[in-house]
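As a plain string of letters, each chain reads:
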Amino acid sequence: MVKQSISSIILLMTVLVVLSVGIAGCTSQTPASSPTPVTNKTLSSAEPSEMILQPSEIPGNFTLVAKGERPASELSDWALAHGWKKGYYAVYQKNDPNSPSVTFIKQNISVYSAENITLVVPDTINGYKSWPAETNNTNLSVEEVSLPTIGDVSGSLRFFDKSDNSSGYLIAFVKKDVFQDIQTNGTAADYETAKQLAGIAAAKIK
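These remarks concern the structure in this document. Predicted model, so just to flag it, every value in this text is computed and none were measured. The residue count restarts for each chain, going from 1 along the sequence in the order it is written. For a predicted model such as this one, the threshold for reporting local features is a pLDDT of at least 70, and the threshold for listing and counting side-chain atom pairs is 80 or more; totals across whole chains, interfaces and linings nevertheless cover every residue. To obtain the side-chain values, all non-hydrogen atoms of the structure were used and water was disregarded.

Some details on the side chain of Ser110
Then comes step 1: Helix numbering and strand numbering both begin at the N terminus, where a helix is a DSSP run of H or I of at least 4 residues and a strand a DSSP run of E of at least 2. Tracing the sequence through the fold places Ser110 in strand β3 (residues 104–111).
Then comes step 2: Accessible area is worked out with a 1.4 Å probe on protein chains only. A residue is then buried under 20% of its type maximum, exposed over 50%, and partly exposed in between. The buried category is assigned to Ser110, whose relative accessible area is 2%.
Then comes step 3: Here Arg70 takes part through its side chain, which lies 3.0 Å from a polar atom of the side chain of Ser110.
Then comes step 4: We call two N or O atoms a polar contact when they sit within 3.5 Å, provided that within protein one can donate a hydrogen and the other can accept it, with sequence-adjacent residues counted only if both atoms are side-chain atoms. In terms of polar contacts, Ser110 uses its side chain to reach the side chain of Trp84, at 2.9 Å.

Notes on the pairing of strand β5 (residues 153–161)
Then comes step 1: Note that strand β4 (residues 140–144) and β5 share five bridges and pair antiparallel. Directly across from Glu144, in β5, lies its bridge partner Leu157.
Then comes step 2: Strand direction decides the pairing type here: β5 and strand β6 (residues 166–175), joined by nine bridges, are antiparallel. Of the residues in β6, the one forming a bridge with Ser154 is Phe173.
Then comes step 3: Linking two consecutive strands that pair antiparallel, namely β5 and β6, is a turn of four residues; a positive phi of about 60° is found at Asn165 within it. At least two bridges found by DSSP between two strands is the condition for calling them paired.

A closer look at the side chain of Asp177
Then comes step 1: With respect to the element layout, Asp177 can be found in the loop between β6 and β7 (178–185).
Then comes step 2: The side chain of Asp177 sits in the buried core without any salt bridge; Lys85 is the nearest counter-charge, 4.9 Å away.
Then comes step 3: The contact criterion used is simple: two residues touch if any of their non-hydrogen atoms lie within 4.5 Å. Sequence-distant contacts of Asp177, that is, excluding residues within four places in its chain, are made with Thr42, Leu43, Ser44, Ser110, Val111, Tyr112, Ala114 and Ile117. In this charge count, Lys and Arg are treated as positive and Asp and Glu as negative; neither His nor the chain ends contribute. Salt bridge, as used here: a side-chain nitrogen of Lys or Arg that lies within 4 Å of a carboxyl oxygen of Asp or Glu.

A few points about the sheet that holds β5
Then comes step 1: If you trace the seven strands from one edge of the open sheet to the other, you get β1-β2-β3-β7-β6-β5-β4, paired in antiparallel fashion. Strands at the two margins of the open sheet, each flanked by one partner only, are β1 (62–69) and β4. Direction aside, neighbouring strands of the sheet carry axes that sit 15° apart on average.
Then comes step 2: A fitted line through C-alpha atoms serves as each axis, taken over the contacting stretch for helices, and the angle formed by two N-to-C directions is quoted from 0 to 180°. Each of β4, β5, β6 and β7 touches helix α3 (residues 120–134); the most contacted strand, β5, lies at about 15° to it.
Then comes step 3: Sheet strands in contact with helix α4 (residues 188–203) are β3, β5, β6 and β7, and its direction is about 15° off that of β6.

Details of the environment of Asp164
Then comes step 1: Considering the arrangement of structural elements, one finds Asp164 in the loop between β5 and β6.
Then comes step 2: The spatial distance from the C-alpha of Asp164 to the C-alpha of Asn139 is 9.0 Å, given a sequence separation of 25 residues.

As structure tokens, then:
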């Protein structure tokens, strides 16, 4: 993993990476949802490692710095109870020697039981939104931002730390039996990049 020496990146990696290993359902009530009928059309045929964004698909000067399988030991009890099966992740870092900050892009991929997949996005969004209150972090705010639908269900959040004016974004979506989140820190331009990448990632789910 990239060495993060800047306070804003430490915060965002804590919020956007540590929490993402399985925050869904930990802090929110499970929303009402009809079970998803399971058919071949609702099951993905690709392995998580085959859905990962490739360096050629990342715009700008980013370098792949970490990737690998997501072990079950990193997932929450909620995720395991709701049919988490397997996952993969990748982290990209922007190469900009003239910038004092570090910009990263992280992609998390998880395969769930198809009948529970519609629950993951709303539980993830609600879990993140409740984090500042649960941790008494008055500097951190989390708000939903508008997002064109990606995949079958999607949602997006902006994180802002007023102690150093740092920002981060998360886009969560499901398609078939796959849940993904794309995370980045930085400016609104970086969020536009994240939206572009989420669309590319969704198209890889076959």
